[in-house]
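Below are the chains, spelled out letter by letter.
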Amino acid sequence: MANYDVIIIGAGPGGYVAAIRAAKNGLKTAVVEQEKRLGGTCLLRGCIPTKALLHAADVLTVVKSAKDIGIDVELKGIDFQKVQKSRSKAIQKSAAGVSYLMKQNNIEVLVGHGELVNEHEVVVHDTTSEKQNHQAQHIIIATGSRPQQLSFLKVDGHQIVTSDEILELTAIPKSLLVLGAGAVGIEFASLFKRLGSSEVTVIEMLNHILPLEDEEVSFELEHALTKRGIKILTKAKLEKAEVVGDEVHAQVALKEGEPQLLKAEMLLVAVGRTPQTQNLGLDNVNIKTDKAGYIEVDEFMRTSVRNIYAIGDIVRTIALAHVASAEGILAADHAAHKHCYPLKYNQMPSAVYAQPEVASVGLSEHAAREAGYDVKVAKFPFAASGKARILGQTEGFIKIVGEQKYGEVLGVHIIGPHATELISEAGVGLRLEITSEELAQVVHAHPTISEVVAEAAHILNGQALHI
């Protein structure tokens, strides 16, 4: 039986980052992972592979628009097999990078399924059904999540699929139904429409797509996607779906309008994710979970058993890879008895890699008003940006939500080119409790897309420049 200071169960972006941080804090560290490659869902079946495919769609979009700036490019078509090979290569290199980091930091990787025996002991069931018991002063659970499924809908992995199976396609579906208009659903809808799916329809039960984003941004994206030929059905409920020959037939009830029978080659179920907290031995140590299986934690990610932490998608915080990493750092620091500050979840950025991109940090206009702030809002369109005109990407806008009394910036919401990169500047600003006046005084290089940040800040101060 080996002894460690910290054992982490799960090697996704929460787990492996926690392991690195713990090791750098001087703790003897081991990480348990049942998959052959490290990196978890984000690296193997989520963030990295989807963005690799989205990059192919972005390149294709640029090539198709090249004639607009006088460059004649012959487009012979899409070799989807090569696109998938490129995706696999990105995964392989990233996973190898994580393995290298484990070796570099003297972190032992224990291959198998980890289960709690007691508050200081983990048993690892390896692939040969052998069991190895290990002890640790602290344990961090980081087992992530899996795609949520609906009781009335059978996922067959071929025609009715989740985000796991759709990444492994060998051909682009001619037509696609997407159930769920969150980030995952919208990204795949945008991806396959650009790669060549002739018909793409998004079905969303709520009033607008990207329900967690500012409403103005959501409606702007809906307009942009509709213009690209994607059909958007909001206030729509899937009642049933079945495979009929080589098609999926979906019966959809609309809150406003007659029911519709939709037909497509494939149905993607993207209705969220559910925590993977089964078979972890939580009952052995009386760790509290809610009815959905999420583990209850305090502000330092400690469970009801104080030397055991839980991070990432298995707790009821924002289910994003970078949030899991931040939680992993916090847990590893707390385990090392370092002075720690709880995370500020209202300052966690979100990013949607559709075309156009969407990103945000902080409060939406609606949330700010609900919180009782005396709100002021400013918007600056990308159509007024010189660099956006050069790129031929003038859709969208930046929206800054501020408060009247002190001018503090409460939230920033962007839809447009490079939104997912621009949002980090806003994140720094919110962290430092920046005011709109201070933000306007930050000089941005010209011509850049980032100038829209300063332009919106000037508008918020009542001193608009380029609009």
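Up top is the structure.
Residues numbered from 1 in each chain as written. Predicted model: local features only at pLDDT ≥ 70, side-chain atom pairs only at ≥ 80, totals over all residues. Heavy atoms only, no water.

Enquirer: Could you clarify how one ought to interpret the pattern of salt bridges in this entry?
Expert: Summed over the entire model, instances satisfying the criterion amount to 18 salt bridges. Its salt-bridge partner being Glu35, residue Arg45 comes within 3.0 Å of it at the nearest N-O pair. You can see Arg45 sitting in helix α2 (residues 40–45) and its partner Glu35 sitting in the loop between β2 (29–33) and α2, a full 10 residues away along the chain. Taking the relative accessible area as the measure of exposure, Glu35 reaches 29% and is therefore partly exposed. In this structure, the salt-bridge partner of Lys379 is Glu216, at a minimum N-O distance of 2.8 Å. Of this pair, Lys379 sits in strand β20 (residues 375–381) while Glu216 sits in helix α7 (residues 215–227), and the two are 163 residues apart along the sequence. Look at Lys379 and you get partly exposed, because its relative accessible area is 34%. On the accessibility criterion, Glu216 (32% relative accessible area) is partly exposed. (Salt bridge = Lys/Arg side-chain N within 4 Å of Asp/Glu carboxyl O. Helix = DSSP H or I, 4+ residues; strand = E, 2+ residues; numbered from the N terminus. Buried < 20%, exposed > 50% of the residue type's maximum accessible area, 1.4 Å probe, protein only.)

Enquirer: Where do I start with helix α8 (residues 321–335) in this structure?
Expert: An α-helix turns once every 3.6 residues. As a result, residues three or four positions apart point the same way. Compared with an ideal rise of 1.5 Å per residue, which puts 15 residues at 21 Å, α8 spans 21 Å between its outermost C-alpha atoms and is within 8% of the ideal. Looking only at α8, the buried set comprises Val323, Ala324, Ser325, Ala326, Glu327, Gly328, Leu330, Ala331, Ala332, Asp333, His334 and Ala335. The inward-facing, buried residues of α8 abut α1 (15–24), β6 (131–141) and β17 (308–310). (Expected span 1.5 Å × (residues − 1). Contact = heavy atoms within 4.5 Å.)

Enquirer: Help me out: how do you make sense of the side chain of Asn105 in this one?
Expert: Tracing the sequence through the fold places Asn105 in the loop between α4 (80–104) and β3 (108–111). Within the local environment of Asn105, its side chain forms a polar contact with the backbone oxygen of Leu101, the two atoms lying 2.8 Å apart. Not counting residues up to four positions away in its chain, the partners in contact with Asn105 are Ile20, Ala23 and Lys24. (Polar contact = N/O pair within 3.5 Å; in protein donor to acceptor, adjacent residues only side chain to side chain.)

Enquirer: Before we go on, may I ask you to explain the pairing of strand β5 (residues 121–125) in this structure?
Expert: Every regular strand shows the same layout, with side chains that alternate between the two sheet faces. Of all five residues in β5, four are buried; the element is thus mostly enclosed. As defined by bridge partners, strand β4 (residues 113–118) adjoins β5 across five bridges and the pair is classed as antiparallel. When the bridges of β5 are listed, Glu115 appears paired with Val123. The hairpin turn running from β4 into β5, its antiparallel successor, is two residues long. Linking β5 to β6, which pair antiparallel, is a turn of five residues; within it Ser129 sits at a positive phi near 70 degrees. (Pairing = 2+ DSSP bridges.)

Enquirer: Please explain the packing of helix α3 (residues 47–65) against helix α6 (residues 183–195) as it appears in this structure.
Expert: Each pair of packed helices gets described by two things: the angle between the helix axes and the distance between those axes. Where α3 contacts α6, the axes come no closer than 9 Å and their chain directions differ by 40 degrees. Relative to α6, the element α3 lies oblique. The interaxial crossing formed by α3 with α6 has left-handed handedness. Where α3 approaches α6, its residues Thr50, Lys51, Leu53, Leu54, Ala56, Ala57, Asp58, Leu60, Thr61 and Lys64 are matched on the opposing element by Glu187, Phe188, Leu191, Arg194 and Leu195. Classifying every residue of the contact of α3 with α6 gives eight nonpolar, two polar and five charged. (Axes fitted to C-alpha atoms, helices over the stretch in contact; angles between N-to-C directions. Parallel < 35°, antiparallel > 145°, perpendicular 65-115°, else oblique. Left-handed = near helix turned anticlockwise from the far one by under 90°. Nonpolar A, V, L, I, M, F, W, Y, C, P; charged D, E, K, R; others polar.)

Enquirer: In this structure, what is going on with the sheet that holds strand β13 (residues 247–254)? I would like to understand it.
Expert: Sheets are built from strands paired through backbone hydrogen bonds, the pairs being either parallel or antiparallel. Pairing in this open sheet of three strands is antiparallel, and the strands run β12-β13-β14 from one edge to the other. Pairing within the sheet leaves two strands with one partner each, and these edge strands are β12 (236–244) and β14 (260–264). This sheet shows a mean twist of 25 degrees between the axes of neighbouring strands, independent of strand direction.

Enquirer: I'm lost on the pairing of β13 in this one. Help?
Expert: Relative to β13, β12 is paired through eight bridges, and the arrangement is antiparallel. Bridge assignment links Ala241 to a residue of β13, and that residue is Ala250. Turn length for the β12-β13 hairpin, with the two strands adjacent in sequence and antiparallel, is two residues, and the turn residue Gly245 shows positive phi of about 65 degrees. Inspection of the sheet shows β13 paired to β14 by five bridges, in the antiparallel sense. Residue pairing across strands places Ala250 opposite Leu262, the latter belonging to β14. As consecutive antiparallel partners, β13 and β14 are separated by five residues, and within that stretch Gly257 has a phi angle of approximately 125 degrees, a positive value.

Enquirer: Even after reading the chapter, I still don't get the packing of α3 against α4, so can you show me in this structure?
Expert: Orientation of α3 relative to α4, taken along the N-to-C sense of each, is 140 degrees, at an axis distance of 9 Å. If you check the angle between α3 and α4, you find them oblique. Crossing angle aside, the handedness with which α3 passes α4 is right-handed. Touching Ile48, Pro49, Ala52, Leu53 and Ala56 of α3 are Val83, Gln84, Arg87, Ala90, Ile91 and Ser94, all from α4.

Enquirer: I tried to follow a nonpolar patch on the surface on my own but got confused; where do I start?
Expert: Taken together, the side chains of Ile69, Ile71 and Val73 present a nonpolar region at the surface, about 270 Å² in accessible area. In this fold, Val73 is placed in the loop between α3 and α4. Overall, the relative accessible area of 35% leaves Val73 in the partly exposed class. (Patch = residues over 30% accessible without salt bridge, like charges linked within 9 Å, V, L, I, M, F, W, Y side chains within 5 Å. Areas by Shrake-Rupley, 256 points an atom, 1.4 Å probe, with all protein chains shown as cover.)

Enquirer: Would you mind going over α4 with me for this structure?
Expert: With 25 residues, α4 ought to run about 36 Å at 1.5 Å a step, and its terminal C-alpha atoms sit 36 Å apart, in line with that. For α4, the complete set of buried residues consists of Phe80, Val83, Gln84, Arg87, Ile91, Ala95, Val98 and Met102. The inward-facing, buried residues of α4 contact α1, β2, α2, α3, β3 and α6.

Enquirer: Could you clarify how one ought to interpret the packing of aromatic side chains in this entry?
Expert: Each aromatic ring pair is characterised by the separation of its centres together with the angle its planes make. Scanning all chains against the criterion turns up one aromatic pair. Above the plane of the ring of Tyr4 lies Lys28, whose end atom (NZ or CZ) is 5.2 Å from the centre. (Phe/Tyr/Trp six-rings, centres within 6.5 Å; stacked < 30°, edge-to-face > 60°. Lys NZ or Arg CZ within 6 Å of the ring centre and 35° of its normal.)

Enquirer: Any chance you could explain the state of the cysteines here in plain terms?
Expert: Think of a disulfide as a covalent bridge from one cysteine sulfur atom to another cysteine sulfur atom. Evaluated as defined, the whole model comprises one disulfide. Residue pairing for Cys42: its cysteine sulfur links by disulfide to Cys47, the two sulfurs lying 2.3 Å apart. Where Cys42 bonds to Cys47 through sulfur, the torsion about that S-S bond is close to -130 degrees, and the disulfide is left-handed. In this structure Cys42 comes out as buried when scored by relative accessible area, which is 16%. (Disulfide = S-S within 2.5 Å.)

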